[in-house]
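An overview of the molecular structure
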Amino acid sequence: MRKKVGKKERKAAAAESEAAAAAAAAAVRAMGPSVKALRKAASSPPPPRVAAVAVDIPGCSFNPDGEQHQDALAVLVASEMRKQLRRELLPSAPPEEVEADGGEGRPLTELEALQVEAASSGDEEEEEEEAAKTKAGKAVLAAAAADPNAIALAAEGESDGGGEDGGEGGGGAENGGAGGAGVLGKRSRKSEKKSRKDRNKEARRKAAEAEAEERRRLKAQRRQLQSLQEVEAELEEERQDKEVRRLRRAVMLQERAAVQPPRLGKLKFEPPSVQVLTSDEKTGSLRRVVPCAMLAADRFKSLQQRGLLEPRRPQPFKERRRKVTYEKGARSELAAAASSEVRDLALRNKKARRQAKAAATRAGGEDDWL
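Since the structure is predicted, the reported quantities are computational estimates derived from the model, not experimental observations.

**Observations concerning the overall build of the chain**
The helix and strand tally for the chain stands at nine helices and zero strands. Starting at the N terminus and ending at the C terminus, the chain contains elements arranged as α-α-α-α-α-α-α-α-α. Taking all 370 residues of the chain together, 6% fall into the buried category. Counted over contacts in the chain with a minimum sequence separation of 6, partners at least 24 positions apart contribute 72%. When the accessible surface of the chain is summed, it comes to about 33,200 Å², and 56% of that surface belongs to carbon and sulfur atoms.

**Observations regarding the pattern of salt bridges**
Under the counting rule described, the total for this entry stands at 10 salt bridges. With a shortest N-O distance of 3.2 Å, Asp298 and Arg299 are connected by a salt bridge. Via salt bridges that share partners, Lys194, Glu202 and Lys206 belong to a single interconnected network.

**Digging into a positive patch on the surface**
There is a patch of like positive charges on the surface, built from Arg82, Lys83, Arg86 and Arg87. Inspection of the secondary structure assignment puts Arg87 in helix H3 (residues 66–89). Residue Arg87 is classed as exposed on the basis of its relative accessible area, which comes to 54%.

**What to know about helix H9 (residues 330–363)**
The end-to-end C-alpha distance of H9 is 50 Å, a good match for the 50 Å that 34 residues give at a rise of 1.5 Å each. One or two residues past the end of H9 sits Gly364, with phi positive at roughly 80°.

**A word on H3**
End to end, H3 covers 34 Å across 24 residues, agreeing with the expected 34 Å (1.5 Å per residue, within 8%). Listed as buried for H3 are His69, Ala72, Leu76 and Ser79.

**A word on a negative patch on the surface**
A surface patch of like charges, here negative, comprises Glu125, Glu126, Glu127, Glu128, Glu129 and Glu130. Inspection of the secondary structure assignment puts Glu130 in helix H4 (residues 110–146). For Glu130, a relative accessible area of 53% corresponds to the exposed category.

**Side note on the side chain of His69**
Topologically, His69 is positioned in helix H3. According to the relative accessible area criterion, His69 is buried, its value standing at 2%.

**Points about the environment of Ser279**
By secondary structure assignment, the location of Ser279 is in the loop between helix H7 (228–259) and helix H8 (295–305). Taking relative accessible area as the criterion, Ser279 reaches 49% and is therefore assigned partly exposed. A C-alpha to C-alpha distance of 9.2 Å links Ser279 and Gln70, two positions 209 residues apart in sequence. Once residues within four sequence positions are removed from consideration, Ser279 is found in contact with His69 and Leu73.

**A word on the confidence of the model for the chain**
Averaged over every residue, the pLDDT of the chain is 75; the share at 70 or more is 71%. Within the chain, helix H5 (residues 150–190) has the poorest average pLDDT of any element, 46, and H3 the best, 90. Every residue in residues 152–181 is under pLDDT 50, and counting partners more than four places away or in other chains gives zero contacts.

**Re a nonpolar patch on the surface**
A surface patch of nonpolar side chains, amounting to about 280 Å² of accessible area, comprises Phe300, Leu308 and Leu309. You can see Leu308 is positioned in the loop between H8 and H9. Its relative accessible area of 57% is what places Leu308 among the exposed residues.

Conventions and cut-offs
- Residues numbered from 1 in each chain as written.
- Predicted model: local features only at pLDDT ≥ 70, side-chain atom pairs only at ≥ 80, totals over all residues.
- Heavy atoms only, no water.
- Helix = DSSP H or I, 4+ residues; strand = E, 2+ residues; numbered from the N terminus.
- Buried < 20%, exposed > 50% of the residue type's maximum accessible area, 1.4 Å probe, protein only.
- Contact = heavy atoms within 4.5 Å.
- Areas by Shrake-Rupley, 256 points an atom, 1.4 Å probe, with all protein chains shown as cover.
- Salt bridge = Lys/Arg side-chain N within 4 Å of Asp/Glu carboxyl O.
- Patch = residues over 30% accessible without salt bridge, like charges linked within 9 Å, V, L, I, M, F, W, Y side chains within 5 Å.
- Lys, Arg positive; Asp, Glu negative; His and termini not counted.
- Charge placed at Lys NZ, Arg CZ, Asp CG, Glu CD.
- Expected span 1.5 Å × (residues − 1).
- pLDDT = per-residue confidence, 0-100.

Now the structure itself:
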């Protein structure tokens, strides 16, 4: 016969099963997605990229709600403050020109004053070092002038020291005889030949050491063979961890590629600032909205965000001017060369005319055309 189960027992069993299911779900969430899910996400096609026409947040409308308008203004203020902080954190170069304390001009900032103070302190330290060096040199020269025999005394001391060293060297030579016998004794002991008994003993010792080393090697090999399964399990676990990390990285890169534009050049894409009306410009009527010519800029930013154009830094317009160089005497030289060419051409024409006239005279024809 089956035992009847009461309502309280059924409720307790249901509560226990729900608690176990909740604990299992929490454990799964803590462990992250499974390898199967990661493989499916990595093999799936990447999500669509940025749309061609981006839709602004609701607070950017011409007649937005109060809270939405404040949220849009907060986003704009946060982006501008971030840009300002980035500009402030950039290093600043020291000023090229510094106004004197009593001179006219703008007062120095705290950073400029510290830079000027550091530069002046460095110059003062260098001047003090140079003054100390010159003072020491003068003192040495004065001492040399006051005691002209200083060099001679030093030379005598050196000669005396050399004599003493020479004496000590002689003593060392005398004591060399006592040490010579010890050296010869050591050499004779080193050059003694080993007997057959000693050689056999050394050979047996080397063989025993080699046998012990081989025994230790075999023991370590057996130990490794016994733990081979554990090593394989560790390698398999490490391989699985690497695969999970690789799949997670692939999924992360796909998610990032869906949000961020691709990197085409050395400059990163900078999103445009949020175009939101101020509280004074918000009229609530579309007819009273002040127009703003920003269609070309919006399309250009959209092309950059979609990865169709490379982000570039705007360059200021520089007018190219033609450089004119003047050389002294070049004009007169050019004029002389031109006049010489004209004279040569006139001489050639005159010579050709004479030759033609002579040829016509010899032929007996008329030369009126010459």
